[in-house]
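Architecture and fold: a report
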Amino acid sequence: MFRLNAPSRLSVADSFLFGMANATLLFTVIYYITGLHDAFRFGFATEDGPVEWGTAICLFLSSLVLFRNAFALRGKRGLTAALLTGFYGLLFFFASGEEISWGHRLFNWQASEFFLQNNAQQETNLHNLVVGDVKLVKTLFGSGLTVVIMLYLLILPLVYSRLGFVRRIADALAAPVPDTRHMLMTVAATLVILSVQMMTKWEPYEFVFSLMTLSIFLKPRNADKVT
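Residues numbered from 1 in each chain as written. Predicted model: local features only at pLDDT ≥ 70, side-chain atom pairs only at ≥ 80, totals over all residues. Heavy atoms only, no water.

Core analysis: the biggest nonpolar cluster contains 32 residues, and Met185, Val208, Leu211 and Met212 have the highest contact counts within it. Elements represented by at least two residues in this core include exactly helix H1 (12-33), helix H2 (37-44), helix H3 (50-76), helix H7 (139-159), helix H9 (180-195) and helix H10 (202-218). In terms of residues, this core owes the most to one element, H10, which gives nine residues. Those residues in contact with valine 208 that sit more than four places away from it in its chain are Ala21, Thr24, Leu25, Met185 and Ala189. Within the second largest apolar cluster, six residues are counted, among which are Leu156, Val159, Ala170 and Val177. (Core = buried A, V, L, I, M, F, W, Y, C linked by side-chain atoms within 4.5 Å. Buried < 20%, exposed > 50% of the residue type's maximum accessible area, 1.4 Å probe, protein only. Helix = DSSP H or I, 4+ residues; strand = E, 2+ residues; numbered from the N terminus. Contact = heavy atoms within 4.5 Å.)

Take a look at the structure:
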């Protein structure tokens, strides 16, 4: 029988990150129940709006934390753990750049001919590429990635401490393991987002996830193995 570990006392960083997550979900619910759906879509959760920029910033900060952890692991656990953590840092740096299309709209630069012909929004990013009739944002960067994220945030915390082979694999891969607090926030965010019916509602969902990844990398369950 699975039992959840008692949530640890929140650090100052976690208090801020979880406070932002709670505020984001609260604002989303308020926009929904007050009928301010257009204000939500074209203001709070609009493209290049506060939520999207918040996501990009948190993903970028997550990459910096991972790079810091990689540097620390070089002396503690050897080159393999450091390289793996550095690779994770690169993935989050990439995700941060993709979130804002690598500054395409910020700097108002012209996309190359390749992106003009193959990107659904004619912007400099990979997640909106169209391969044949397939949009990567709905396949590779859509449902498939969502399943992986949910397994990471909801299932891994449950089995890490209870299944030895899972713990050994996670530690060997230098994978930061979410704690109970991250799992509970993921459940709360999922229930809220599934309950509201507004366009662009997934933007605050992504923001909450980016807040949680930053929290995880700062203080994961297996901090002694990955930081």
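Having put the structure on the table, let's press on.
Applying the stated rule across the entire model yields nine aromatic pairs. Ring centres of phenylalanine 40 and phenylalanine 44 lie 5.9 Å apart, and the angle between their planes is 40°; on these two criteria the pair is classed as tilted. One end of the pair is phenylalanine 40 and the other is phenylalanine 44, both in helix H2 and four residues apart, which spans about a single turn. Considered together, phenylalanine 40 and phenylalanine 44 belong to a single accessibility category, that of buried residues. (Phe/Tyr/Trp six-rings, centres within 6.5 Å; stacked < 30°, edge-to-face > 60°.)

The next thing to look at is helix H8 (residues 164-172). For H8, the set of buried residues is Val166, Ala170 and Asp171. Projected down its long axis, H8 shows its buried positions confined to an angular sector of 125°, all on one face. Looking one or two residues past H8, alanine 174 carries a phi angle of roughly 55°, positive in sign. (Arc of directions from axis to C-beta.)

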